[in-house]
Amino acid sequence: MKRYELFIDGKWCAPSSNEWFETIEPYSGQAWAEIPRATKADADHAVEAAHRAFLSPEWADMSAARRGALLRKLADLVEANADHLGRIEQRDNGKLIAEVSGQVRNVAGWFHYYAGLADKVAGSVVPMPRPDVFNYTKYEPLGVVVAITPWNSPLALNSWKMAPALAAGNTIVIKPSEFTSASLLEFAMLAEEAGFPKGVVNVVTGFGADVGDALVRHPKTAKIAFTGGEIGGRAVNEAAASDFKKVTLELGGKSPNIVFDDADMDQAVRGAVAGIFAATGQTCMAGSRLLLQDSIHDKFIERLVLLAKSARIGDPSKMETEVGPVATRPQFEKILRMIEMAKAEGARCILGGHALSGEGYGQGQFVAPTIFVDVTNEMKIAQQEVFGPVLSIIRFKDEDDAIRIANDVVFGLAAGVWTQNLHRALYCVDRIRAGTVWVNNYRSTSFATPFGGYKRSGLGREGGVEAIKEYLQVKSVWITTKPDRKNPFALG
Ligand code: NAD
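Residues numbered from 1 in each chain as written. Predicted model: local features only at pLDDT ≥ 70, side-chain atom pairs only at ≥ 80, totals over all residues. Heavy atoms only, no water.

Caption draft 1: Region of interest: the domain arrangement of the chain. Domain annotation for the chain reports domain 1 (2–251 + 457–476) and domain 2 (256–439). In this structure, domain 1 and domain 2 have C-alpha centres spaced 31 Å apart. Listed per partner, the contact involves 22 residues of domain 1 and 31 residues of domain 2. Between domain 1 and domain 2, roughly 2,000 Å² of surface is buried when both sides are summed, and carbon and sulfur atoms account for 64% of that area. At the boundary of domain 1 with domain 2, the tally comes to zero salt bridges. If you look at where domain 1 meets domain 2, you find seven residue pairs in polar contact (both at pLDDT 80 or more). Those elements that place two or more of their residues in the side of domain 1 that touches domain 2 are α4 (82–93) and α5 (97–117). (Domains from an automatic or database assignment. Contact = heavy atoms within 4.5 Å. Buried area = accessible area lost by both parts, 1.4 Å probe. Salt bridge = Lys/Arg side-chain N within 4 Å of Asp/Glu carboxyl O. Polar contact = N/O pair within 3.5 Å; in protein donor to acceptor, adjacent residues only side chain to side chain. Helix = DSSP H or I, 4+ residues; strand = E, 2+ residues; numbered from the N terminus.)

Caption draft 2: How the structure looks around helix α7 (residues 182–194). For α7, spanning 13 residues, the distance from its first C-alpha to its last is 19 Å, which sits close to the expected 18 Å at 1.5 Å a residue. Counting buried positions along α7 gives ten out of 13 residues, so the element sits mostly inside the fold. For α7, the full list of buried residues reads Ala 182, Ser 183, Leu 184, Leu 185, Glu 186, Phe 187, Ala 188, Leu 190, Ala 191 and Ala 194. A positive phi of about 100 degrees marks Gly 195, the residue just after α7. (Expected span 1.5 Å × (residues − 1). Buried < 20%, exposed > 50% of the residue type's maximum accessible area, 1.4 Å probe, protein only.)

Caption draft 3: Geometry of the packing of aromatic side chains. What the rule picks out here adds up to 16 aromatic pairs. Ring geometry for Trp 151 versus Phe 387: centroids 5.3 Å apart, planes at 75 degrees, classification edge-to-face. Here Phe 387 lies in the loop between α13 (380–383) and β19 (390–396) and Trp 151 lies in the loop between β8 (144–148) and α6 (154–167), a separation of 236 residues in the sequence. Per residue, the accessibility class of Trp 151 equals that of Phe 387, and both read buried. Through pairs of rings, three or more aromatic residues link up here, namely Trp 110, Tyr 113, Tyr 114, Trp 160, Phe 447 and Phe 451. Between Arg 3 and the ring centre of Trp 20, over which it is positioned, the NZ or CZ distance is 3.9 Å. Its end group placed over the ring of Tyr 471, Lys 223 keeps NZ or CZ at 4.5 Å from the ring centre. (Phe/Tyr/Trp six-rings, centres within 6.5 Å; stacked < 30°, edge-to-face > 60°. Lys NZ or Arg CZ within 6 Å of the ring centre and 35° of its normal.)

Caption draft 4: Representation of the sheet that holds strand β4 (residues 20–24). Within the open sheet, the three strands sit side by side as β1-β5-β4. Their pairing is mixed. Of all the strands in the sheet, the pair left with one neighbour each is β1 (2–3) and β4. Pairing analysis gives five bridges linking β4 to strand β5 (residues 31–36), with the strands arranged antiparallel. Counted as the bridge partner of Trp 20 is Pro 36 from β5. (Pairing = 2+ DSSP bridges.)

Caption draft 5: How the structure looks around the packing of α4 against α7. Interhelical geometry of α4 versus α7 gives an angle of 160 degrees and a closest axis separation of 8 Å. Relative to α7, α4 is oriented roughly antiparallel. With respect to the hand of their crossing, α4 and α7 are arranged in right-handed fashion. Residues His 84, Leu 85, Ile 88, Glu 89 and Asp 92 of α4 lie in contact with α7, whose contacting residues are Ala 182, Ser 183, Glu 186, Phe 187 and Leu 190. Taken together, the residues that form the contact of α4 with α7 break down as five nonpolar, two polar and three charged. (Axes fitted to C-alpha atoms, helices over the stretch in contact; angles between N-to-C directions. Parallel < 35°, antiparallel > 145°, perpendicular 65-115°, else oblique. Left-handed = near helix turned anticlockwise from the far one by under 90°. Nonpolar A, V, L, I, M, F, W, Y, C, P; charged D, E, K, R; others polar.)

Caption draft 6: Region of the structure containing the side chain of Arg 289. Within the secondary structure layout, Arg 289 lies in strand β14 (residues 289–293). Of the buried charged residues, Arg 289 lacks a salt bridge, with Asp 408 as the closest side chain of opposite charge at 6.8 Å. Of note is the side chain of Arg 289, whose polar atom sits 2.9 Å from the side chain of Asn 377. (Lys, Arg positive; Asp, Glu negative; His and termini not counted.)

Caption draft 7: Representation of the pairing of β19 in the model. In terms of residue burial, β19 counts as a mostly covered element, since six of its seven residues are buried. Note: strand β18 (residues 370–373) against β19, three bridges, orientation parallel. Residue pairing in the sheet places Phe 372 in a bridge with Ser 392 of β19.

Caption draft 8: Focus on the site of the ligand. Near the ligand, the surroundings consist of 28 residues, among which Lys 175, Glu 178, Gly 229, Leu 251 and Glu 385 are the closest. At a separation of 2.6 Å, an oxygen atom of the ligand approaches a polar side-chain atom of Glu 178. One of the side-chain nitrogen or oxygen atoms of Glu 385 is found 2.8 Å away from an oxygen atom of the ligand. In the complex, the protein chains occlude 87% of the 850 Å² of accessible area that the ligand would expose alone. Secondary structure elements with two or more residues in the shell around the ligand: α8 (208–217), β11 (221–227) and α9 (230–242). Of the residues assigned to the shell around the ligand, the class counts are 13 nonpolar, ten polar and five charged. Of the residues that make up the shell around the ligand, three or more belong to each of domain 1 (2–251 + 457–476) and domain 2 (256–439). (Near = heavy atom within 4 Å. Areas by Shrake-Rupley, 256 points an atom, 1.4 Å probe, with all protein chains shown as cover.)

Caption draft 9: Just the environment of Asn 377, in detail. In this structure, Asn 377 sits in the loop between β18 and α13. We classify Asn 377 as buried; its relative accessible area is 5%. Asn 377 sits 18 residues away from Arg 395 along the chain, and the two C-alpha atoms are 9.4 Å apart. With residues up to four places along the chain from it excluded, the contact list for Asn 377 reads Arg 289, Ala 382, Gln 383, Ile 394, Ile 405 and Asp 408.

Caption draft 10: Main features of the nonpolar core. Ranked by internal contacts, the top residues of the largest apolar core, which has 94 residues, are Leu 74, Phe 196, Phe 300 and Leu 304. There are two domains that each give this core at least three residues, and those are domain 1 (2–251 + 457–476) and domain 2 (256–439). Each residue touching Leu 304, except ones within four places of it in the same chain, is listed here: Val 269, Ala 272, Val 273, Leu 290, Ile 371, Leu 391 and Ile 393. One finds Met 338, Met 379, Ile 405 and Ile 432 within the second-largest nonpolar core, a separate group that totals 30 residues. (Core = buried A, V, L, I, M, F, W, Y, C linked by side-chain atoms within 4.5 Å.)

Shown next as structure tokens:
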């Protein structure tokens, strides 16, 4: 079995605990690698190393163009090793190889994009309301960034943080999920090969409550970029707040996917399936509430069930598989509990609603694609995130009814609108309280545009030009252009 080490200060090292834990392949249930169980001492070591690197002339004096070149080199290495990284990540989190291989190539895209942005961050010359000063602004990095990622897309969600953080001139300590650490440890080997100065990139593995918390609380940590669930997000936010640290949080969602009667039905049915059954529903942006206009409700469901039933469920390492296992045992149990909860509160299950085991289902950590109808928006199944292949279908009358239901939830991560009427689409776009709205598509993301949540779905944005500002602070510089002869006690 492969045994990994921590990557701190440019060196591979054993955890100070000298303890490792096993990482499990969700499909087979087999342990396949050993992950270092880092402690607070390792977290301190990593933040101190990242802080020294931040102040070192090698990094602090490096031109932004040169930082961009290093990021470009890393992007090329990710591209060249995409199959290897994809296979590791797929094995560790059970996602479809078809999706993971595309995602890893996209990771390279994120590094290329922010490599290009590194030397284009400009301050401004500020027109001042007085003639005797020259004022300009300049953007400066924050310091040590701690990136904390969940198990569903470790490499992708790390690149959303690391690419802008390094482009802006920060250094980073990455803490992957305890369920899926291997791909980020493999990725650290590429960061080492790319030639970042020692301490600029560090990877510390272990559990959230000990090593994650220690990284967040370290006095030299300047910013935490977190993706994960509400409990972890709140803990990170509260710990950061007590020390006035900056945070970006990407949390959960209960995103509405709204289909109007004039939608292209083929496209909308495919979009509804992609919204909830892609990635086995284990995605923050899942379209887990399908809002159907009354007049098409029954017809749409017939076609949706037909397509959902055709899903090839099984071994995620096979290119033809369409729905894979649930990534972790606790998540699998949580999904089944929530299915029972939905049944108990009166939602009617018309597809799935149970676990799958037997031949072709590995160790049996599968949940059948599940569809509930007769759901009302007040039900818990319509309000709480499942993070699994469970769809709740809710009826609506018209645009305003759809918007009311769409917004009647604590989350605001994303939404889909399916219509061929431009006015209707824009009416909804303007009124839906979510960070992303897809019109006639669902689940698209790119490095080129910001992603993040309204309401309880998070704080800040990842992606696009906007995201680099999340890793910068602005300095205002005042230069006297004419000596001052006024009373110094009354200067203002
Ligand atoms: P989680 O919150 O349990 O863990 C996420 C990460 O936080 C892990 O690395 C974990 O070790 C760490 N962590 C947990 N508690 C911590 C603490 N007190 N201090 C520091 N670190 C801590 O989430 P998960 O179960 O791995 O992932 C699933 C959740 O992530 C879902 O709820 C989903 O909605 C959310 N998610 C959101 C997005 C998004 O972009 N908004 C993307 C993917 C997943």
